[in-house]
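# Observations on the three-dimensional arrangement
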Amino acid sequence: MKKLIGLVLLLISLHVGAQEEREMHWENVTTLNFVATGGTDKENALQQYLLFDESVMDSNRELLEQYKTFAEEYVQMSLNKEAPQMNKEIDEMIANAKQLMKEHPELAAELKEQLKEVEKMRGEYNSHADNEVKEYTYNPKEILRKLTAIAVGKRTFTDHRDIGNGLFAVKTGACYGSLEPDAFTPVKTDEKYRHTWGAIDYNGKFVIEPKYGTFRDSWADADFIYLEAKDKNGINRTGALGYDGRVRLPFIYDYDAGIDIKTGRCIMCKDGKIGIVTMDNKPGLPFKYAKIEAWDNQLWEVKEGNNYGALDNDMKIVIPIKYASVWDGDGKTIQMLRHDNLIDVYDVTTLKVLRTVPRPHD
């Protein structure tokens with residue numbers, strides 16, 4: 001019986017190991033989605049991605065090659081179509097620059113150098129735009145249908161990131177996307193799925209429902225994900241979830257102002273004041289500060305009203321909260337500016353005042 005149990009445990013461990021080593025692959029299908037769904041505003045739409053199991057992609061290489069070929073053809077057709085207008089604009093730019101040189105000879109040398117760069121860019125652009133291209137070799141709707149059919153979860157996302165622990169944070173959105181990676185202008189889409197974040201596992205199953213706003217950050221080792229969600233008044237609030245979707249910090253905070261993973265402390269803002277809670281929302285420091293910042297030497301800078309001071313890791317005051325500002329530090333000392341323009345120099349180890357010196361002249 002013990003041997004049988006041991007064998008079962010071994011098989012389970014091998015299966016888990018295989019799951020952890022499973023390779024996943026994201027494909028940007030923005031161009032394909034845009035054309036296949038009849039997109040009309042490619043400048044202001046969103047990115048679009050499909051998730052694939054690498055083993056599935058390996059067995060569908062021909063389909064992927066069809067997609068790559070289609071994408072190359074579409075880009076080439078776009079270049080060819082836009083080239084005349086682009087060259088016209090460059091001609092106008094050159095004419096304006098030459099006219100400016102006549103009116104302001106002192107700018108001639110600088111403008112000539114700029115025109116050389118413009119002509120160089122024009123040459124590089126036209127070298128790509130001159131290539132011939134046939135009409136689509138492959139039907140974009142058919143490729144999209146086939147790719148979606150083999151994609152994990154069989155749906156597209158407008159953004160994604162690997163957050164560890166076998167999960168991907170994903171963003172839902174419109175049915176087609178922008179051809180520019182930095183285009184963030186919203187497009188019309190179902191309000192239910194407008195810019196919402198959730199998390200899926202390797203099988204495409206939603207572990208965290210896509211109902212959250214901004215995805216802030218995540219720490220797999222700490223089982224902690226910062227997100228935003230609207231409260232009953234429609235105001236964005238910050239909170240945190242575990243990787244299984246349970247609430248770790250309720251969505252009642254204005255924003256997150258920092259985190260110390262080692263000590264499990266979250267610096268949060270609530271009702272305009274800064275305080276500290278643990279990752280499980282237990283009180284750390286009351287919400288009465290204007291600033292809290294963790295220092296490298298296990299100290300915490302705090303500001304209450306117009307006064308600065310410092311706490312240790314036990315949240316006890318070690319530098320009185322009475323100073324006008326944190327003036328400076330060199331690794332061995334901490335310099336605190338007093339309201340009378342003198343500086344108290346603290347030893348960073350003993351936290352005793354070594355000396356008091358006048359504030360240097362600015």
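What you see is a predicted model; the values in this text were computed from it and never measured. The residue count restarts for each chain, going from 1 along the sequence in the order it is written. Local features in this predicted model are restricted to residues whose pLDDT is 70 or higher, and side-chain atom pairs enter the listing and the counts only when it is 80 or higher, whereas totals over whole chains, interfaces and linings include all residues. Excluding hydrogens and water, the side-chain values take into account all heavy atoms of the structure.

### Observations concerning the environment of Thr263
Among the secondary structure elements, Thr263 is positioned in the loop between β11 (255–260) and β12 (265–270). Measuring from C-alpha to C-alpha, the distance between Thr263 and Met279 comes to 9.4 Å, with 16 residues separating the pair along the chain. Contacts of Thr263, omitting those with residues within four sequence positions, involve Trp300 and Asn313. Secondary structure elements follow DSSP: runs of H or I no shorter than four residues count as helices, runs of E no shorter than two count as strands, and numbering proceeds from the N terminus. Should any heavy atoms of two residues lie within 4.5 Å, those residues are considered in contact.

### Structural notes on helix α4 (residues 61–103)
Helix span, expected: 1.5 Å multiplied by one less than the number of residues in the helix. The first and last C-alpha atoms of α4 sit 60 Å apart over 43 residues, in line with the 63 Å expected at 1.5 Å per residue. A residue's bend is simply the angle between two axes: one fitted to the seven residues ending at it, one to the seven starting at it. At Ala83, α4 shows its strongest bend, of approximately 45°, with the proline Pro84 following within four residues.

### Observations regarding the sheet that holds strand β18 (residues 317–323)
Strands sit in the order β15-β16-β17-β18 across an open sheet of four strands; the sheet is antiparallel. Where the open sheet ends on each side, the last strands, each with one partner, are β15 (291–294) and β18. Pairs of neighbouring strands in the sheet enclose a mean axial angle of 15°, with direction left out of account. For two strands to be treated as a pair, DSSP must find at least two bridges joining them. In terms of strand pairing, strand β16 (residues 300–304) meets strand β17 (residues 307–311) through five bridges, oriented antiparallel. By the bridge assignment, Lys303 is partnered in β17 with Tyr308. Only the stretch in contact is used when a helix axis is fitted, and all axes are lines through C-alpha atoms; the angle between N-to-C directions ranges over 0 to 180 degrees.

### Things to note about the packing of aromatic side chains
We describe a pair of aromatic rings using the distance from one ring centre to the other and the angle between the two ring planes. Here a pair means two rings of Phe, Tyr or Trp (six-membered ring of Trp) with centres within 6.5 Å. Their orientation is stacked below 30 degrees between planes, edge-to-face above 60, and tilted elsewhere. All told, the structure shown has 12 aromatic pairs when counted by the stated rule. Centre to centre, the rings of Trp26 and Phe157 are 6.1 Å apart; their planes meet at 70°, and the pair counts as edge-to-face. Taken as a pair, Trp26 in strand β1 (residues 24–28) and Phe157 in the loop between α6 (140–150) and β3 (159–164) lie far apart in primary sequence, 131 residues in all. By relative accessible area, which is 15% here, Trp26 ends up buried. Note on Trp26 and Phe168: the rings are 5.5 Å apart at their centroids and 80° apart in plane angle, and the pair reads as edge-to-face. You can see Trp26 sitting in strand β1 and its partner Phe168 sitting in strand β4 (residues 167–172), a full 142 residues away along the chain. By way of ring pairs, the aromatic residues Trp26, Phe157, Phe168, Tyr202 and Phe206 are connected into one cluster. Note on exposure labels: buried denotes an accessible area under 20% of the residue type's maximum, exposed denotes more than 50%, and partly exposed covers the range between, all computed with a 1.4 Å probe on protein chains only.

### A closer look at the pattern of salt bridges
Once the charged atoms of two side chains with opposite charge are near each other, the side chains can pair. Whenever a carboxyl oxygen of Asp or Glu lies within 4 Å of a side-chain nitrogen of Lys or Arg, that contact is scored as a salt bridge. One pass over the structure, following the stated rule, counts 16 salt bridges. Among the ionic pairs, Asp231 bridges to Arg237, the shortest N-O distance being 3.2 Å. Put simply, Glu54, Asp58 and Arg61 are held in one network by salt bridges that share partners.

### Some words on α6
The α-helix winds at 3.6 residues per turn, so residues separated by three or four positions along the chain end up facing the same way. Listing the buried residues of α6 in full gives Pro140, Ile143, Leu144, Leu147 and Thr148. Projected down its long axis, α6 shows its buried positions confined to an angular sector of 125°, all on one face. On the buried face of α6, the contacting elements are α2 (30–36), β2 (49–53) and α4. For the purposes of these results, a polar contact is taken to be a pair of N or O atoms within 3.5 Å, where, inside protein, one atom must be able to donate a hydrogen and its partner to accept one; residues adjacent in sequence count only when each atom of the pair is a side-chain atom. Capping the start of α6, Asn139 holds a side-chain oxygen 2.9 Å from the backbone nitrogen of Lys141, two or three residues further along. When we speak of the arc, we mean the arc of directions from the helix axis to the C-beta atoms.

In short, the description is geometric, and any link to function would need to be established separately.
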